[in-house]
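# Survey of secondary and tertiary structure
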Amino acid sequence: MTKLVILSDSHNTPEAVRRILRAEKGCDAVIYLGDGLKDIDRVAPEFASTRVYSVAGNCDYGALEPQDGLAAFDEVLIYYTHGHLYGVKYDLDTLAQAAKARGADIALFGHTHTALSETRDGVLLFNPGSCGHTYGGGETYGVLTLDVGKILSAEHKKVPKE
């Protein structure tokens, strides 16, 4: 069984990232979806045994991280990106098609600051929301639980206060 923590859009709130990683101690990996790469870079050394995958968002000026990534966990293929290059604020079909073309079971994205979980064209589209700056819905992050080719759960959680 594999537990993944999905973060996005922390926007200069490293303390929120730290609280999440403390709360989700023992996760197998963190996937950071951009817009606050400096936050994850500051906090990650405290959790050195946890593997971090990350992509640059539209606000990560000068970042050397890629715009997207593809990784397999527990026989589930995940495509991850910030989302701005796919116009996710207006339409999710382009992202779903891009993930499907890569053979992905899941497409992770951020950018909208709004939590979302839905399936399109056989691909689970999952946005964890923003762990640092939302538009009124409260700060959130995601946790995916996978097991031998299956998605056991895709949940949204509130960022811990302390």
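Note: the structure precedes this text.
This report concerns the structure included in the present document. What you see is a predicted model; the values in this text were computed from it and never measured. (Residues numbered from 1 in each chain as written. Predicted model: local features only at pLDDT ≥ 70, side-chain atom pairs only at ≥ 80, totals over all residues. Heavy atoms only, no water.)

It is worth spelling out helix α3 (residues 93–101) at this point. Residues of α3 that are buried: Leu95, Ala96, Ala98 and Ala99. Take α3 and look down its axis: the buried residues cluster within an arc of 165 degrees, on one side only. In α3, the exposed residues that point more than 90 degrees away from the buried face are Gln97 and Ala101. Where α3 ends, the next residue or the one after it, Gly103, has phi of about 80 degrees, a positive value. (Buried < 20%, exposed > 50% of the residue type's maximum accessible area, 1.4 Å probe, protein only. Helix = DSSP H or I, 4+ residues; strand = E, 2+ residues; numbered from the N terminus. Arc of directions from axis to C-beta.)

Moving on, we come to the sheet that holds strand β10 (residues 150–158). Ordered in space as β3-β2-β1-β9-β10, the 5 strands form an open sheet in which the pairing is mixed. Of all the strands in the sheet, just β3 (51–54) and β10 have a single pairing partner and so form its edges. When the angles between neighbouring strand axes are averaged without regard to direction, this sheet yields 20 degrees. Relative to strand β2 (residues 29–32), strand β1 (residues 2–7) is paired through 4 bridges, and the arrangement is parallel. Bridged to Leu7 within β2 is Tyr32. Across the sheet, helix α1 (residues 14–23) is in contact with β1, β2 and β9 (140–147); its angle to β1 comes to roughly 165 degrees. (Pairing = 2+ DSSP bridges. Axes fitted to C-alpha atoms, helices over the stretch in contact; angles between N-to-C directions. Contact = heavy atoms within 4.5 Å.)

So, about the pattern of salt bridges. Counted under the stated rule, the structure contains 9 salt bridges. Across the salt bridge formed by Arg18 and Glu46, the nearest N and O atoms sit 2.7 Å from each other. Here Glu46 lies in the loop between α2 (37–43) and β3 and Arg18 lies in helix α1, a separation of 28 residues in the sequence. The salt bridge involving Asp93 is made with Arg120; its shortest N-O contact spans 2.8 Å. Of the two residues, Asp93 is situated in helix α3 and Arg120 in strand β7 (residues 116–120); the sequence distance between them amounts to 27 residues. Salt bridges sharing partners connect three or more residues here, namely Lys3, Glu24 and Lys157. (Salt bridge = Lys/Arg side-chain N within 4 Å of Asp/Glu carboxyl O.)

Moving on, we come to the packing of aromatic side chains. Each aromatic ring pair is summarised here by two numbers: the centre-to-centre distance and the angle between the ring planes. For the structure on display, the rule yields 3 aromatic pairs. Taken together, the aromatic side chains of Tyr53, Phe73 and Tyr80 make up a single cluster linked through ring pairs. Lying across the ring of Tyr53, Arg51 places its NZ or CZ 4.7 Å from the centre. (Phe/Tyr/Trp six-rings, centres within 6.5 Å; stacked < 30°, edge-to-face > 60°. Lys NZ or Arg CZ within 6 Å of the ring centre and 35° of its normal.)

This part covers the sheet that holds strand β6 (residues 106–108). Pairing in this open sheet of 5 strands is mixed, and the strands run β4-β5-β6-β8-β7 from one edge to the other. Each end of this open sheet is capped by a strand with a single partner; those strands are β4 (68–73) and β7. Averaged over all pairs of adjacent strands, the angle between their axes in this sheet comes to 20 degrees, without regard to strand direction. By the bridge criterion, 3 bridges tie β6 to strand β8 (residues 123–127) in an arrangement that is parallel. What sits directly across from Leu108, in β8, is Phe126. The strands touched by α3 are β5 (76–81), β6, β7 and β8; relative to β8, the strand with the most contacts, the crossing angle is about 125 degrees.

Going residue by residue along β2, you find Ala29 and Ile31 tucked away on one face and Val30 and Tyr32 tucked away on the opposite face as well. Relative to β3, β2 is paired through 4 bridges, and the arrangement is parallel. Paired with Tyr32 across the two strands is Ser54, which belongs to β3. Remark: the β2/α2/β3 crossover connection has right-handed handedness. (Right-handed = clockwise from strand over helix to strand, strands pointing away.)

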